[in-house]
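An overview of the molecular structure
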Amino acid sequence: MDNINVLIIEDTPEQSDALSNVLLANKYNIVGVARNYTDALTLFYQNPVDIIVIDVFLNEKPDGITFAETINIVPNASKPFVFLTSSQDRQIFERAKLTKPFSFLMKPFNELEILYALEMAVEKFYEQTNVFLSEDQDTVISNDYMFIKKKNALKKVSLQDILYIEVEDRYCNIITEKEKFVILISLTKISALLDKNKFTRTHRNYIVNTDKIEEIILADNLIILKGGHKVNLSYSYKDFIKKMNILS
Amino acid sequence: MPKFNFLIFLIISLSSFLLSSQSQSTNKLFNDVIQKKAKNFKKETNFNKAQDYFIKKNWDSTLIYSLKQINSSKNKELADYCHFFRGCGHIKLKLYKEARTELHLISKKFIYYPLVNKNLGQISLELKEFEKAIYYFKEVEKLPITNNQGYKISIIYENLGICYLHLNQFPKAEEYLFKSLQIQEKEKEKDPVSLISLYMDIANLYYVQYKDAQAIPYFKKAYTLSKKVKDFDKKRDASKNMAVVEENRGNFKKALIYRKESEQWKDSLNNQNKVWALADYEKKYAVAQKQKQISVLKVANKLKDTQRNTMFFSTLGLLLLLVGGVYVYGQKVKNAKIILTQKEKLDELNATKDQLFSIVSHDLRSSVNALKTSNTKLTYSLETKNYSELDQLLHQNSAIANGAYSLLDNLLHWALLQTKQLYFSKDSVHLHSIVQQIEHNYKPLLHDKSIAFENAVSKNSFIFVDLDSLKIVLRNLLDNAIKFSPENSKISFYTLETNSNFCQLVIQDYGLGMSQNTINELLEDNELLAKKSNSEIIGTGLGMQLCKQMIKKNSGTFAIESELNKGTKMILSFPKTEQNG
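Reading the values: the criteria
Residues numbered from 1 in each chain as written. Chains lettered and ligands numbered in written order. Predicted model: local features only at pLDDT ≥ 70, side-chain atom pairs only at ≥ 80, totals over all residues. Helix = DSSP H or I, 4+ residues; strand = E, 2+ residues; numbered from the N terminus. Buried ≥ 20, exposed ≤ 12 C-beta atoms within 10 Å, placed from the backbone. Contact = placed C-beta atoms within 7 Å. Pairing = 2+ DSSP bridges. Axes fitted to C-alpha atoms, helices over the stretch in contact; angles between N-to-C directions. Core = buried A, V, L, I, M, F, W, Y, C linked by C-beta atoms within 7 Å. Domains from an automatic or database assignment. Expected span 1.5 Å × (residues − 1). Parallel < 35°, antiparallel > 145°, perpendicular 65-115°, else oblique. Left-handed = near helix turned anticlockwise from the far one by under 90°. Nonpolar A, V, L, I, M, F, W, Y, C, P; charged D, E, K, R; others polar. pLDDT = per-residue confidence, 0-100. UniProt positions renumbered as here; feature names shortened; annotations may be inferred. Right-handed = clockwise from strand over helix to strand, strands pointing away.

Under the annotation held in an unreviewed UniProt entry, chain B carries the name histidine kinase and is attributed to Flavobacterium laiguense.

An unreviewed UniProt entry lists chain A under the name DNA-binding response regulator, with Flavobacterium laiguense as the source organism.

Helices and strands together make up the secondary structure of chain B, namely 19 helices and seven strands. The buried share of chain B, reckoned over its 581 residues, is 29%. Across chain B, contacts joining residues at least 24 apart in sequence account for 63% of those joining residues at least 6 apart.

What chain A contains, in helices and strands, is seven helices and 17 strands. If you take every contact in chain A between residues at least 6 apart in sequence, the share linking residues at least 24 apart comes to 51%.

Here we come to the sheet that holds strand β14 (residues 206–209) of chain A. Residue and element names in this part refer to chain A. Spatially, the five strands line up as an open sheet ordered β12-β11-β10-β14-β13, and their pairing is antiparallel. Among the strands making up the open sheet, the edge pair consists of β12 (180–184) and β13 (199–203). Averaged over all pairs of adjacent strands, the angle between strand axes in this sheet comes to 25°, irrespective of strand direction. Sheet topology places β13 next to β14; four bridges connect them, and they run antiparallel. Considered in β14, the bridge of F199 is made with N209.

Another aspect to go through is the nonpolar core. If you look at the biggest cluster of nonpolar residues, it comprises 70 residues, and the most contacted ones within it are A:I9, A:I51, A:V53, A:I54, A:V82, A:L118 and A:Y164. A total of eight residues in this core trace back to one element, the largest contributor, which is helix α5 (residues 111–125) of chain A. Here this core spans two domains, since at least three of its residues come from each of domain 1 (2–125) and domain 2 (160–247) of chain A. If we ignore the near neighbours within four places in the chain, the residues touching A:L118 are A:I51, A:V82 and A:L154. Ranked by size, the runner-up nonpolar core spans 64 residues in total, among them B:F30, B:I91, B:A133 and B:A222.

Our next topic: helix α7 (residues 113–126) of chain B. Residues and elements named next belong to chain B. Compared with an ideal rise of 1.5 Å per residue, which puts 14 residues at 20 Å, α7 spans 20 Å between its outermost C-alpha atoms and is within 8% of the ideal. Those residues of α7 that fall on the buried side of the exposure criterion are P114, L115, V116, N117, K118, N119, L120, G121, Q122, I123, S124 and L125. Note on α7: the residue one or two positions beyond its end, K128, has a positive phi of about 60°.

Moving on, we get to the packing of helix α11 (residues 192–208) of chain B against helix α12 (residues 212–228) of chain B. Residue and element names in this part refer to chain B. The interhelical angle for the contact between α11 and α12, taken along N-to-C directions, is 160°, at an axis separation of 8 Å. Considering their axes alone, α11 and α12 lie roughly antiparallel with respect to each other. Regarding α11 and α12, the two cross each other, and that crossing is left-handed. Touching P192, L195, I196, Y199, M200, I202, A203, Y206 and Y207 of α11 are D212, Q214, A215, Y218, F219, K221, A222, L225, S226 and K228, all from α12. Broken down by class, the residue content of the contact of α11 with α12 amounts to 14 nonpolar, two polar and three charged.

Once that is clear, we can look at the sheet that holds strand β16 (residues 222–225) of chain A. All names here are of chain A. Pairing is antiparallel in the open sheet, where three strands are placed in the order β15-β16-β17. Strands with a single pairing partner mark the edges of an open sheet, and in this sheet they are β15 (213–217) and β17 (230–232). Strand-to-strand twist across the sheet, computed as the mean angle between neighbouring axes with direction ignored, equals 25°. Where β15 lies against β16, four bridges are found, and the strand directions are antiparallel. Across the sheet, residue E215 finds its bridge partner in β16, namely I224.

In summary, the side chains of a regular strand alternate between the two faces of the sheet. All names here are of chain A. Here strand β11 (residues 171–176) pairs with β12 via five bridges, running antiparallel. Each residue of the ladder has a partner; that of C172, found in β12, is I183. In sequence, β11 turns back onto β12 through a hairpin of three residues.

Okay, the packing of helix α4 (residues 59–72) of chain B against helix α5 (residues 76–92) of chain B next. All names here are of chain B. For the pair α4 and α5, interaxial distance at closest approach is 9 Å and the crossing angle is 150°. When the axes of α4 and α5 are compared, the pair comes out roughly antiparallel. Of the two elements, α4 crosses α5, and the hand of that crossing is left-handed. Contacts between α4 and α5 involve W59, T62, L63, S66, Q69 and I70 from the former and L78, A79, C82, F85, R86, G89 and K92 from the latter. Here the residues of the contact of α4 with α5 sort into seven nonpolar, four polar and two charged.

For interface size, the figure often reported is the accessible area lost on association. With 14 residues of chain A at the interface, the matching set in chain B holds 16 residues. Of all elements in the fold, only α4 (90–97) and α5 of chain A reach the threshold of two or more residues within the side of chain A that touches chain B. Element by element, the count of residues in the side of chain A that touches chain B is highest for α5(A), at four residues. Residue composition of the side of chain A that touches chain B, grouped by class: five nonpolar, five polar and four charged.

This paragraph deals with the confidence of the model for chain B. Residues and elements named next belong to chain B. Within chain B, residue pLDDT values average 82, and 91% of them lie at 70 or more. In the model, residues 1–25 has pLDDT below 50 throughout and makes 31 contacts with residues more than four positions away in sequence or in other chains. Predicted complex, confidence summary: ipTM 0.85, pTM 0.57.

On to the environment of A:S20. Residue and element names in this part refer to chain A. By the secondary structure assignment, S20 is in helix α1 (residues 13–25). The spacing of S20 and I8 is 12 residues in sequence and 8.1 Å in space, taken between C-alpha atoms. In this view, S20 contacts I8, I30 and V33; residues no more than four positions away in its chain are not counted.

This paragraph deals with unusual backbone geometry. Cis geometry marks the peptide bond from A:K107 to A:P108; its omega dihedral reads -5°. Of note in this structure, A:N59 is not a glycine but carries a positive phi near 55°. Counting through the fold element by element, A:N59 comes out in the loop between β4 (51–55) and α3 (63–73). The backbone of B:N488 sits at a positive phi, close to 65°, despite the residue not being glycine. Mapped onto the fold, B:N488 is located in the loop between α17 (467–484) and β4 (490–496).

A separate point is the confidence of the model for chain A. Predicted confidence across chain A gives a mean pLDDT of 88, with 98% of residues reaching 70 or more. For chain A, the element scoring lowest by mean pLDDT is helix α7 (residues 240–247) of chain A, at 65; strand β2 (residues 5–9) of chain A scores highest, at 95.

Let us look at the UniProt feature "modified residue: 4-aspartylphosphate" (unreviewed entry) in chain A. Listed under "modified residue: 4-aspartylphosphate" (unreviewed entry) in the UniProt record, and renumbered for this structure, are A:D55. Position of A:D55 relative to the elements: it lies in strand β4.

Further remarks concern the environment of B:L198. Residues and elements named next belong to chain B. Turning to its location among the elements, L198 is positioned in helix α11. The sequence separation of L198 and S180 amounts to 18 residues, and the corresponding C-alpha distance is 8.1 Å. Not counting residues within four places of it along the chain, the set of residues in contact with L198 comprises E158, L177, S180, L181 and Q184.

The next point concerns the pairing of β4(A). All names here are of chain A. Most of β4 is tucked away: five of the five residues are buried. Neither face of β4 is left uncovered, since the one carrying I51, V53 and D55 and the one carrying I52 and I54 both have all their residues buried. Here β2 pairs with β4 via four bridges, running parallel. Residue pairing across strands places I8 opposite V53, the latter belonging to β4. Alignment of β4 against strand β5 (residues 81–85), held across four bridges, turns out to be parallel. Across the sheet, residue D55 finds its bridge partner in β5, namely L84. The β-α-β motif built from β4, the intervening α3 and the parallel element β5 has right-handed crossover chirality.

Next comes the structure, spelled out in structure tokens:
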């Protein structure tokens, strides 16, 4: 599991420092702190960013909104973001609201509020609302990552790293080459959210990353994955092999 | 010379035919029959009208209604009658060819077919087709004399005679004319006019054959008879004939007398015509006068009409104006009332605002003042190096700052709400997390008073509200709860699952509590702020006001349950987020 990369766009050093401290304390990665619009764009394109925290007013200009508008226009470039503001100016809000998905946090805020806002931003951005705070799910799945809530903070796992997923009741065991952990999500949801071409059911309880398959032993109903992991193959899910042949 | 005479005779004989045919039209027998028919076919209004006009000799109308009858009804018998009417009508209007085609349309079964033949004969005679005429008249003659057709056989004989005369078949002409004469002389009521023409016909017959001796007596007979009748035409013809006869005999004196007599009749005829014309003209003039009068009256009527209309419209306009005036006045009075009540309300609100400002400014001033004195103490403590007191003073300072900040925050939100500038956007909100976040800010305060905090809000309740206004509400209520709670007590937030659409949140403390009166005062839906009865503890009331309005804006409800010295339950309910998967 990796930490979440946060880009902070905030012109006041005291505030950005306070924010950095809170986020670092909750195991978030700060990839950079931008003081103005140009810096923000450079940092955004130079670093892998998962979430952006944007102050609406940079040097008394609503450049924060401009930044959000800019990254919103570029297809597939946009990331979840949270606006910070101390103004309740209606006009600013009406403008900011157009950069969907829109989430904001009023200053001053406490630790819990910023963490909540970040989680909300991720949920809204990937259109999987009411996940992190409900009792039966703790993972949002994007095209590249799984965002998992561990205690107070978010973590992520690259989908590419996953070898296979073992489903057990309401839980899923995620097995990567390096580690193994449990997330809370139902089978129907996880199969709907994962890319069907990459992740295939091989058994009632197994979803396998097809890129990681090394060998299929039909006689023993076994699939050997990278790193020697063995997964059961049940008769009713054998069809996926045909697709594999076509691909190879 | 004889040739010239002959021409005159021809004309005379033709005119005699016309007269005889006219007398023929009053066929009473036939008229009675068609009247009976009309009674039998009362429903055929067209036929009724046609026969009525036929009897009255209004030929144009007869033609119209008979045609309608033919077109509308399929009754063949009536159709025959109608064709007959049309035939007769056309004859009277001298449209002989149309008359003939009409008469040919009548079926042979028609009871009065002899009359048809007779008319056809007359048409042929009129068109100088004498042989055809003879054929038709012979057809009529074949019938027995005593039939019910209502025509006089003498006239048939006369017409036959005239036809033969024109064809120069004198013996036959003589035979028929005499037959006619015999019959006419036998009649009880002699028709002198037709007798005169008959005499003249006979005279002409002989005269054409140069049998002057036989001709002259008849001319004389015609002449003497003509003196007894009033028909000027006949008188003139008779005297003219006499004149021609005398002239041929060389007796010019007598001829001259007859000629003059003839001229005289002609004149009197002309005079009569003139008199008629004059009468006609007078009649026309009178009619024109009447017409003029009528038109004048019409104009006068129109004038009256327009006058009446203008009167009517002007009264209507005035009435409308009056009603409009009354309405406008009523509106004005109403508006004045509304404005008055609005003014009262505004005054009241203004007073509230003034009061608020005075309270707020007092509070802020005292807060800042406290901070100032505290800071002086702090400086003094630092100078005297009394470090043990520093910690306590700093805590005190932060408490005062917090209080002032929350007051300012409330004030700001209240102002935004009042000026409708508050940004408001509903979203799905996880209530448990929000309560936790609020608590996080009050941890030091709770710790100071050693109050236990319990967040028992269901982790699965998501409500659909504006996050910031919810925070303001919860902050204020928690602030109040802490304020009114004694040390070492407990404050708990929990949800009640009651109905499916709303989530109920309860904030319970075990503090001072309040009386029902206070509750009522707090919940009263006016914008007045609660009076400061206990200046130390009870605040501006601004927080409560704000809470009420924010909850209302979030389509929630607010209730208070409290007992003095036992504690208070603030019960809020908010709409749940609609679950869609």
